[in-house]
Amino acid sequence: MQEPDDVIFPLESDEKKVMMNCEARGNPPPTYSWFVNGTEVDAETDYRYNFIDGNLIITNASEITDFGKYQCKAENSYGIILSRDALLQFAYLGAFSAKTRGGVSVREGQGVVLMCTPPPHSPEIIYSWVFNEFPSFVAEDSRRFISQETGNLYISKVQRSDVGSYICLVKNTVTNARVLSPPTPLTLKTDGIMGEYEPKIEVHFPTSVLSAKGVTVRLECFALGNPVPTITWRKINGNIPKKARLRKSQAVLEIPNIQLEDSGTYECKAENPRGGTAFKGHLQVYTLPQWTRMINDTQMDSGEKLQWECKATGRPRPTYRWLRNGSPLTPQSRVEMLNGELTIHKVQQTDSGMYQCVAENKYGAIYSNAELKILASAPVFIPNPMRVIATLGKDVSLECKPRASPKPRITWKREDRRIQPSKRIMLLRNNTLRIVNSSRADEGNYVCRAENQFGSAEMTAMLWVKEAMRVELSPSRVEVTVGESVVLSCKATHDTSLDVAFQWLFNQKPINFQQDGGHFEYIQTQSSTVDLMIRSILLKHAGKYGCRAQTSADTVFAEAELLVRGPPGPPGVVIVEEITDTTATLSWTRGLDNHSPISTYNLQARSPFSLGWQTVRTDPDPVTGDMESAMAVELNPWVEYEFRVVASNAIGTGDPSSPSRSVRTKEAVPSVAPANVSGGNGRRHELVISWEPVSEEFQNGEGFGYIVAFRANGTRGWKEKMVTSADSTTYKYRDETFPPLTPFEVKVGVYNNKGDGPFSKVVTVYSAEGEPREAPSDVKASSISSSEIRVTWKPPNPGPGRPRGYEVSYWKEMEQEESGIKRRTAKNETSMVLTGLEGNSVYLITVKGFNSIGQGPASAAITAKTRKAPPAQPPSNLMWIQEGNNVSLSWDPVKAKDNESDVIGYMVLVRQEGRGHNQVTRTINPSTMLSLPEGGTYIIEVRAISEGGEGAVSSQIRVVTSSGELGRVTKSSQCSVHCLPQSLTWTALLVVLLVPSASW
């Protein structure tokens, strides 16, 4: 059940135990033993070995004593089997020799190889090189290469920058342990620079490379040379696999997931301007054996012949050997072995046991296991006695099938007399006694006796002969219409001493009443009568219905036919016999009429322009049920159509036929003119004509285009222009001689390769009025605030080139007009407010009209100066007196600076807390009286108002109102409270707090 796997055990591991797994299944449970390199492991004398179930535990494992192949043996009283060989290896990495390494001195431009000379190790290691000091690693490129086969560092052309100390670093792939070699100094000779020389391949893959299927193969090739050589690869007599990748500046050819077809001769070539050299090697892919046929457990009677065959694939082709109970099987007089086939003649009890077929090549072995059991037993009959009921006049068979090994001798007796075969009573080869045309006289007891060398046994067969059963199924033929219901009744006449069972079948298959319960119901009316109810009948229910009645004596079958009338089935294949520009002659074959004559056929068509399938007009009309061809008419020319046919009868319309192949009608002259011909707009002296394009469905052929015809009102001759694009929707005609808004008569026609089609109705289209010709007049500008200027103007005189809007340009006095800002009106307004301006600044302003054609001339520039900025100092020292809901508010006046606008009043803003709406009160004095509604909290702030706009906002104050409040005087800046006159009577005292300036 579990074979031992190959193991690589790290010698430096903290866990000092190695486990080799093995599990087998058998009854009785098997016992286990292990072999290492062919010698049995003795766990009793060597304390290092221990067994846990079938697993082998090795304590304090060492490479010297424990390296090798391990094999598990499992055995019980029925046989022995062996496992595959599992290899135990040990992972370690020794230390480099501490001996100082000699320096290497070369000329600049010369190639060099620095040897790694790795320490003892197992298994593979990874090489890298350190330059001068760790962790400065040597980077591989087209000039430097580290071989993972030799570990050496190759420098094809030494440079001054290469001078230094080199250290080889190796890493174990299993333990991840690393060790460093002593440094190797690299110096330059002083006797000159090495000249150019041709490449010399210094490291390459072997001349013969063996690789297992499915692994990744790395082929190395690197050359020394000056200049640095270029490496190229090719496969002799083939192409390098597409999955292959070039690594390390093409010094490594890497082929992943190697397959048999990747085998072949590969060549690497090193070239530089001085010459080239090449190396060839053969890559061969091998595969481990894999089973294609295995042996299976077998039971046989003694004396029979055993033939087993096992087959496996592999490269090289596997050879075969056989084991019995763990020991090699050798050819004998009864035993033959040839190419995986095992034959044992006349098997004996001693041949029983566990057999193994071993398929192996030089790269591995696989095992197939099977048990051979040789049977040996005296005859036994089960059941015994046997009761048989036969039908009068029918044949009857009495079987004799004892369990015995080897096969016993059989004899039949009746009333202690041995039965002698005759024409009516026959003994068949399988020891069955057959009685032909049975009668009442055949009733009685029959005894079968079986005997072999291990004993004998008898079996009694008691035979009764009964009258034959008859079955009546009615009605035997019935016709119904789709949706109706019907009942079939099955009555059996039989010997009353026997029970009868019924089964209903539809077209020879048993009816599944659970699955088809929506339509079929089984009804038991009497012990010998059953009904089949078929509800809501569908076309698929037509067919043969069978009733099978069965007793222990015989089985009788009766059948009835159900015909279902319904809509016709789909007609056969539709063929387009002939095609013209507007017609298609179709033919089809009749489908099933489902027992109701076909009355009419309906022809349908589908094109890229239709919404699904559409019924088409036909000739003749209607298409009667006895016809199998008709013509579809009034089709559109030059359109691809598919056709199908639908049949109808008195019951309904059936399913459509399959679509015909797609066909295109012939070309014809266009018959549809463009719609919605209109025009207008455009630039001055242009006549723009537009229309809705004609759908491809109505273009009627290739080379479709438009003929645009026009003439000025009052003239006779038409100008005609061809527009060759079928998708075009406009045509522009330019003539400097006609004035704006000249009326033209216009019509648009169509044409294609077959000729000219109709024109549209004549409509009147006016030539373009052009862009505005005059500038707006009476342009005025006035300052609104420090950041706003209002600009007004009057439209130009009426006439061609009417503006559809206006563009206002403005720029500061010291700036260029090109740097100005442009703003357009949303519609045809004659005023605009410019915002976001700088205070106390002079602006130049122009206005021009525009429409869809372009812009008109600009008005003369006018100037306007924004007002000074509002005061930056907010109102301060806010004081208020509250009496009930009335608040008397005052503050210090705001004084404007020289560069600020003079204060012309104040704005008091009152907002109820939690609401966004402000109540605004204006005053020219630094005080005001506010009347606030009862029951609320109010936030009050004050701004100065100037010609330049609103000034900075004051600190906010917060006032709470309720009925009958007592007033309090507060100074915002000092938060002091002043007493009120003694003559006032207060019912409550309300403390009003100052709220510092904040955002609310």
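Residues numbered from 1 in each chain as written. Predicted model: local features only at pLDDT ≥ 70, side-chain atom pairs only at ≥ 80, totals over all residues. Heavy atoms only, no water.

Caption draft 1: The side chain of S946, seen in detail. Tracing the backbone shows S946 in strand β85 (residues 936–946). Looking at S946, the relative accessible area reads 5%, which means it is buried. (Helix = DSSP H or I, 4+ residues; strand = E, 2+ residues; numbered from the N terminus. Buried < 20%, exposed > 50% of the residue type's maximum accessible area, 1.4 Å probe, protein only.)

Caption draft 2: Representation of the environment of E769. Secondary-structure assignment places E769 in the loop between β71 (763–766) and β72 (777–783). Judged by relative accessible area, which is 9%, E769 ranks as buried. Non-local contacts of E769, meaning those with residues more than four positions away in its chain, are made with P740, L741, G799, P800, G801, R802 and R804. (Contact = heavy atoms within 4.5 Å.)

Caption draft 3: Representation of the sheet that holds strand β6 (residues 55–59) within the structure. As summarised here, the arrangement of the 3 strands in space is β2-β6-β5, forming an open sheet in which the pairing is antiparallel. Every interior strand has two partners, whereas the edge strands, β2 (17–20) and β5 (49–52), have only one. Pairs of neighbouring strands in the sheet enclose a mean axial angle of 25 degrees, with direction left out of account. In this structure, β2 lies alongside β6, joined through 4 bridges in antiparallel fashion. Residue pairing for β6: V18 is matched across the bridge by I58. (Pairing = 2+ DSSP bridges. Axes fitted to C-alpha atoms, helices over the stretch in contact; angles between N-to-C directions.)

Caption draft 4: Broad picture of the layout of surface pockets. In this structure, the largest pocket encloses a volume near 700 Å³. What lines the largest pocket is a set of 28 residues, and nearest its centre among them are A24, R25, G26, I81 and M354. Put simply, the parts of the chain that give the lining of the largest pocket at least two residues each are β7 (68–76), β8 (79–82) and β35 (364–375). Across the lining of the largest pocket, the residue classes tally to 13 nonpolar, 7 polar and 8 charged. Quantified by volume, the second largest pocket comes out at close to 380 Å³. (1 Å grid on protein atoms, 1.4 Å probe; cavity = no way out; pocket = protein on both sides within 12 Å on 5 of 7 lines; lining within 4 Å. Points joined across faces, edges and corners; volume = space filled by probe spheres on them. Nonpolar A, V, L, I, M, F, W, Y, C, P; charged D, E, K, R; others polar.)

Caption draft 5: Spatial organisation of the nonpolar core. In this structure, W504, I534, Y545 and L562 are the most contacted members of the largest nonpolar core, which totals 27 residues. Top contributing element to this core by residue count: strand β54 (residues 555–565), with 5 residues. (Core = buried A, V, L, I, M, F, W, Y, C linked by side-chain atoms within 4.5 Å.)

Caption draft 6: How the structure looks around the UniProt feature "domain: Fibronectin type-III" (unreviewed entry) in the protein chain. The UniProt feature table records "domain: Fibronectin type-III" (unreviewed entry) at residues 570–668, 673–770, 775–869 and 874–964. Along residues 570–668, the helical share is 0% and the strand share 40%, with 34 Å between the first and last C-alpha atoms. End C-alpha atoms of residues 775–869 are separated by 33 Å, and the span's content is 0% helix alongside 48% strand. (UniProt positions renumbered as here; feature names shortened; annotations may be inferred.)

Caption draft 7: Representation of the pattern of salt bridges. Per the stated rule, a full pass over the model turns up 42 salt bridges. Of the charged contacts in the structure, one is a salt bridge between D778 and K780, with a shortest N-O distance of 4.0 Å. The partly exposed category is assigned to D778, whose relative accessible area is 36%. Accessibility expressed as a relative area gives 49% for K780, which makes it partly exposed. It is possible to trace a salt-bridge network through shared partners that takes in R409, K413, R449, E451 and E458. (Salt bridge = Lys/Arg side-chain N within 4 Å of Asp/Glu carboxyl O.)

Caption draft 8: Geometry of the UniProt feature "domain: Ig-like" (unreviewed entry) in the protein chain. Following the UniProt record, one finds the feature "domain: Ig-like" (unreviewed entry) at residues 4–83, 106–181, 199–284, 289–373, 379–460 and 469–563. Helix makes up 0% of residues 289–373 and strand 62%, and the two end C-alpha atoms of the span are 28 Å apart.

Caption draft 9: Broad picture of the sheet that holds strand β30 (residues 319–324). Pairing within the open sheet is mixed, and its 5 strands lie in the order β27-β35-β34-β30-β31. The two strands at the open ends of the sheet, each matched to only one other strand, are β27 (298–301) and β31 (327–328).

Caption draft 10: Layout of the state of the cysteines. Considering all chains together, one arrives at 6 disulfides under this definition. One disulfide bridge connects C116 with C168, the sulfur atoms lying 2.1 Å from each other. Between C116 and C168, the S-S torsion sits near -75 degrees, and that sign places the bridge as left-handed. Here C116 is found in the loop between β11 (112–114) and β12 (121–122), whereas its partner C168 is found in strand β16 (residues 164–172), with 52 residues between them in sequence. Accessibility assignment for this pair places C116 and C168 in one class, buried. Disulfide pairing is shown between C310 and C357; the S-S distance is 1.8 Å. Residues C310 and C357 are joined through a disulfide that is right-handed, its torsion about the S-S bond being 50 degrees. With a gap of 47 residues between them, C310 in the loop between β28 (306–309) and β29 (311–315) and C357 in strand β34 (residues 353–361) connect regions that are remote in the sequence. (Disulfide = S-S within 2.5 Å.)

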